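# Analysis of the macromolecular model
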Amino acid sequence: MFSHLVVGASLFFGDIIFYAVCFLILMWLIKIFAWKPINQMMQDRADKISNDIDSAEKSRDEAASLAQQRQSALANSRQEATTIVDNAKKQGQQQRDGIVAQAQTDAQSLKVNAQKDIEQERQDALQNVRNDVADLSIEIASKIIQKELSADDQKALIDSYIEGLGKQHES
């Protein structure tokens, strides 16, 4: 029906075979020269992407590991700092206790020495008073023996005795 429109458009079997052979040759040439390099390029690109992903994953794991190490080191540093501060507090407390104990011991020793000195001074004072009383008794007795005393003489003797005591205590 439309055959009258197509003028000289008839297909020959030989042309079809020629086109098919050319097509196959072209496909074979594309396979050799284009397909293999393209596949190789695509494979290389896929390998590179895979390696980049693996490398990124490895870097992320290393970064996570380093972050964990840094975190544990920080925790250890805090723990060590706390331990150092606690030890310093304990040593300070021990030194304070030692200083207080030494001060109390020194104070007690000074107190005991002061009490001994006071007791010695008291004993010395009592001995001096005894000696003074003995000397005065001997002096009074010797004055009484030397003369018989009247009431006025006794009064004068007592007054001179008192004056003698006052002079001795002043010096």
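Residues numbered from 1 in each chain as written. Predicted model: local features only at pLDDT ≥ 70, side-chain atom pairs only at ≥ 80, totals over all residues. Heavy atoms only, no water.

As recorded in an unreviewed UniProt entry, the protein goes by the name ATP synthase subunit b, listed as coming from Secundilactobacillus collinoides.

Helix and strand counts for the protein stand at 2 helices and 0 strands. When the 171 residues of the protein are sorted by exposure, 2% land in the buried category. By element, 60% of the accessible surface of the protein is carried by carbon and sulfur atoms, the whole surface being about 15300 Å². (Helix = DSSP H or I, 4+ residues; strand = E, 2+ residues; numbered from the N terminus. Buried < 20%, exposed > 50% of the residue type's maximum accessible area, 1.4 Å probe, protein only. Areas by Shrake-Rupley, 256 points an atom, 1.4 Å probe, with all protein chains shown as cover.)

Moving on to the pattern of salt bridges. Within this structure, the stated rule accounts for 3 salt bridges. Linking Lys 48 and Asp 52 is a salt bridge whose minimum nitrogen-to-oxygen distance equals 3.1 Å. With a gap of 4 residues between them, Lys 48 and Asp 52 both fall in helix α1 (residues 13-146), about one helical turn apart. Overall, Lys 48 belongs to the exposed group, its relative accessible area being 53%. (Salt bridge = Lys/Arg side-chain N within 4 Å of Asp/Glu carboxyl O.)

This part is about a nonpolar patch on the surface. The grouping of Phe 13, Ile 17, Val 21, Ile 25, Trp 28, Leu 29, Ile 32 and Phe 33 at the surface amounts to a nonpolar patch, some 810 Å² of accessible area in total. Structurally, Leu 29 can be placed in helix α1. (Patch = residues over 30% accessible without salt bridge, like charges linked within 9 Å, V, L, I, M, F, W, Y side chains within 5 Å.)

Before going further, it helps to examine the UniProt feature "transmembrane region" (unreviewed entry) in the protein. As annotated by UniProt and renumbered to match this structure, "transmembrane region" (unreviewed entry) occupies residues 16-35. Here residues 16-35 is 100% helix and 0% strand, with 25 Å between the C-alpha atoms at its ends. (UniProt positions renumbered as here; feature names shortened; annotations may be inferred.)

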